[in-house]
Amino acid sequence: MSMTENLAPAETPISETESTRPSSLTFKLTILGAGSATPTLGRHPTAHLLTHNNEYYLIDCGEGTQYRLLEQKIRPGRLHHIFISHLHGDHYFGLAPLLSSLNLAGRTEDLHLYGPKGLDDILTTIFRYSDTRLGYPLHFHPVDAAYPTVLADLPELTISSIPLEHRIACSGYLFREKPRKPKLLRDKLPADVPVEYLKQLKEGHDIIDGQGQVIYAAEDYTTPGPPPRSYAFCSDTRYNERLINLVRHVDLLYHEATFLEDNAKRAFEVFHATARQAATIAARAEVRHLLIGHFSSRYKNFQAFLKEARQIFPQTSLASEGLHIDINDWQY
Ligand SMILES: [Zn+2]
Ligand SMILES: [Zn+2]
């Protein structure tokens, strides 16, 4: 039985449909929350869910994130990695409830949590006074917001931190896929080729006989795998050109845009960015697509954000609750 089946709480009727179940090609972002700190009806604080192949990665966990996961028919028990950008409440006030619910559901699998120093103390205090004893190992990985650091080197993905410039320590996160395996040209090979040969060719290895002669050269029977894909999440930050090199050429860049450019002075004072500034980073970093969000609650309509950003970087979208971006759909 898989871990997911083990952990689903019996009373919670969650089932993943074919369309929500990740496949081995999936590279998809789901926006669970795109708002900022002030509560606004119809908006939710920051939370992004990245689906890569068979894994989910939760990035920020604003208030109510566990309900957003339920709405999206995502089983929280499938999470193994959670990333928190900083300790302003709109980015992590949903975390303790989510961790508690996983416990109630009987989780035993390891969970890795990445975030600023102090997050561990906060959780320890909450759990101590609520007499919550986690039945699963929670591994806390403190993230130093001063330097870009490789946080996780997984078989298919490298995850690094991105230093941001905010009022308190704040990190973005970069998810970069490792080179993908070559595609096998099955039709070019004889029908009776052993399965073991196919596996080796797919790994890019030549098939060599006992005398050292190449029987099948990998380059003759495979085509290169598709280009690796990448997603950069840049949470609350001032405009900072140091970001440009760190997110260069990513497929999808999320960059906050709390204000419009006519409030650039205000944005600077409160360590946030404007739509124009987000687009400038995207253009100079030559990313494929830009997503902006974290709009101040003073704005009721976000089309002006889109217009302002697209003047600098046309491939811009607005983050909104429930939005799915499937990077597989993009043409290479
Ligand atoms: Zn925020
Ligand atoms: Zn903040």
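Everything below is about the structure shown above.
The structure presented is a predicted model; accordingly, all values stated were derived computationally and were not measured. (Residues numbered from 1 in each chain as written. Chains lettered and ligands numbered in written order. Predicted model: local features only at pLDDT ≥ 70, side-chain atom pairs only at ≥ 80, totals over all residues. Heavy atoms only, no water.)

Before going further, it helps to spend a moment on the pairing of strand E15 (residues 252-256). Taking burial as the measure, the five residues of E15 include five buried ones, the bulk of the element. Every second residue of E15 is oriented toward a common face, with Leu 252, Tyr 254 and Glu 256 on one face and Leu 253 and His 255 on the other, all of them buried. Note: strand E14 (residues 230-234) against E15, four bridges, orientation parallel. The residue bridging Cys 234 from the neighbouring strand is His 255, located in E15. (Buried < 20%, exposed > 50% of the residue type's maximum accessible area, 1.4 Å probe, protein only. Helix = DSSP H or I, 4+ residues; strand = E, 2+ residues; numbered from the N terminus. Pairing = 2+ DSSP bridges.)

Next up on the list: the coordination of the zinc ion (ligand 1). Donor atoms from the polypeptide that bind the zinc ion (ligand 1) are Asp 90 (OD), His 91 (NE2), Asp 236 (OD) and His 294 (NE2), placed at 2.1 to 2.2 Å. Taken together, the four donor atoms coordinating the zinc ion (ligand 1) and their angles of 90 to 169° define a geometry best described as irregular. Of note, the donors binding the zinc ion (ligand 1) are all from one chain and are spaced D-H-x144-D-x57-H. The distance between the zinc ion (ligand 1) and the zinc ion (ligand 2) is 3.5 Å, with Asp 236 acting as a donor to both metals. With Asp 90 in the loop between strand E4 (79-83) and helix H3 (95-104) and Asp 236 in the loop between E14 and helix H7 (242-246), this residue pair connects regions lying 146 residues apart in the sequence. Judged by relative accessible area, which is 11%, Asp 90 ranks as buried. Residue Asp 236 is classed as buried on the basis of its relative accessible area, which comes to 2%. (Donors = N, O, S within 2.8 Å, 3.2 Å for Na, K, Ca; no water. Tetrahedral: all angles 85-135°; square planar, octahedral: opposite > 155°, others 65-115°.)

Attention shifts here to the packing of helix H9 (residues 275-285) against helix H10 (residues 303-312). In the contact formed by H9 and H10, the axes pass within 8 Å of each other and the chain directions differ by 30°. With respect to their mutual orientation, H9 and H10 come out roughly parallel. As H9 runs across H10, the sense of the crossing is right-handed. When H9 is examined against H10, the residues Ala 275, Arg 276, Ala 279, Thr 280 and Ala 283 are found in contact with a partner set consisting of Phe 305, Glu 308, Ala 309 and Ile 312. (Axes fitted to C-alpha atoms, helices over the stretch in contact; angles between N-to-C directions. Parallel < 35°, antiparallel > 145°, perpendicular 65-115°, else oblique. Left-handed = near helix turned anticlockwise from the far one by under 90°. Contact = heavy atoms within 4.5 Å.)

What follows covers empty space enclosed by the protein. Counted according to the given criterion, the structure contains one cavity of 30 Å³ or more. One number sums up the size of the largest cavity: a volume of about 30 Å³. Counted by class, the lining of the largest cavity contains seven nonpolar, three polar and no charged residues. (1 Å grid on protein atoms, 1.4 Å probe; cavity = no way out; pocket = protein on both sides within 12 Å on 5 of 7 lines; lining within 4 Å. Points joined across faces, edges and corners; volume = space filled by probe spheres on them. Nonpolar A, V, L, I, M, F, W, Y, C, P; charged D, E, K, R; others polar.)

Looking now at the pattern of salt bridges. As enumerated under the stated definition, the model contains twelve salt bridges in all. A salt bridge links Arg 180 to Glu 177, with the shortest nitrogen-to-oxygen separation between them at 3.8 Å. We note that Arg 180, like Glu 177, is buried. Asp 251 is the salt-bridge partner of Arg 288, the closest N and O atoms lying 3.0 Å from each other. With Arg 288 in the loop between H9 and strand E16 (289-293) and Asp 251 in the loop between H7 and E15, this residue pair connects regions lying 37 residues apart in the sequence. (Salt bridge = Lys/Arg side-chain N within 4 Å of Asp/Glu carboxyl O.)

All buried positions along H3 are accounted for by Leu 95, Ala 96, Leu 98, Leu 99, Leu 102 and Asn 103. Mapping the buried residues of H3 onto a view down its axis gives an arc of 165°, with all of them on the same face. Residues of H3 that are buried make contact with strand E3 (55-59), helix H2 (65-71), E4, strand E5 (111-115), helix H4 (119-129) and strand E6 (138-142). Count one or two residues on from H3 and you reach Gly 106, which has phi positive near 85°. (Arc of directions from axis to C-beta.)

Right, let's talk about the nonpolar core for a bit. Formed by 32 residues in total, the largest nonpolar core has its most connected members in Ile 162, Val 247, Leu 253, Ile 292 and Phe 305. Of all the secondary-structure elements, those providing two or more residues to this core are E14, H7, H9, E16 and H10. If we skip the residues at most four places from it in the chain, Val 247 touches Ile 162, Ala 232, Cys 234, Leu 253, Ile 281, Ala 285 and Val 287. (Core = buried A, V, L, I, M, F, W, Y, C linked by side-chain atoms within 4.5 Å.)

Surrounding the zinc ion (ligand 2) are the protein donor atoms His 86 (NE2), His 88 (ND1), His 166 (NE2) and Asp 236 (OD), at 2.1 to 2.3 Å. Along the chain, the residues that donate to the zinc ion (ligand 2) are spaced as H-x1-H-x77-H-x69-D.

This brings us to H4. All of the buried residues along H4 are Leu 119, Leu 123 and Phe 127. On an axial view of H4, the arc spanned by its buried residues comes to 55°, and they lie on one face. For H4, the exposed residues set more than 90 degrees away from the buried face come down to Asp 121, Arg 128 and Tyr 129. Residues of H4 that are buried make contact with H3, E5 and E6.

This part covers the packing of aromatic side chains. Remark: the centre distance and the inter-plane angle together describe each pair of aromatic rings, the angle taken between the planes. As enumerated under the stated definition, the model contains 13 aromatic pairs in all. Each ring, one from Phe 83 and one from Tyr 173, has its centre 5.1 Å from the other, and the planes form 55°; the classification is tilted. One end of the pair, Phe 83, is in strand E4; the other, Tyr 173, is in strand E9 (residues 171-177), and 90 residues separate them in sequence. A residue is classified by how much of its surface remains accessible, and Phe 83, at 0% relative accessible area, is buried. A relative accessible area of 0% means that Tyr 173 is categorised as buried. Pairwise contacts between aromatic rings join Tyr 57, Phe 83, Tyr 114, Tyr 173, Phe 175 and Tyr 231 into one cluster. Taking the ring centre of Phe 268 as reference, the NZ or CZ of Arg 238 above it sits at 3.7 Å. (Phe/Tyr/Trp six-rings, centres within 6.5 Å; stacked < 30°, edge-to-face > 60°. Lys NZ or Arg CZ within 6 Å of the ring centre and 35° of its normal.)

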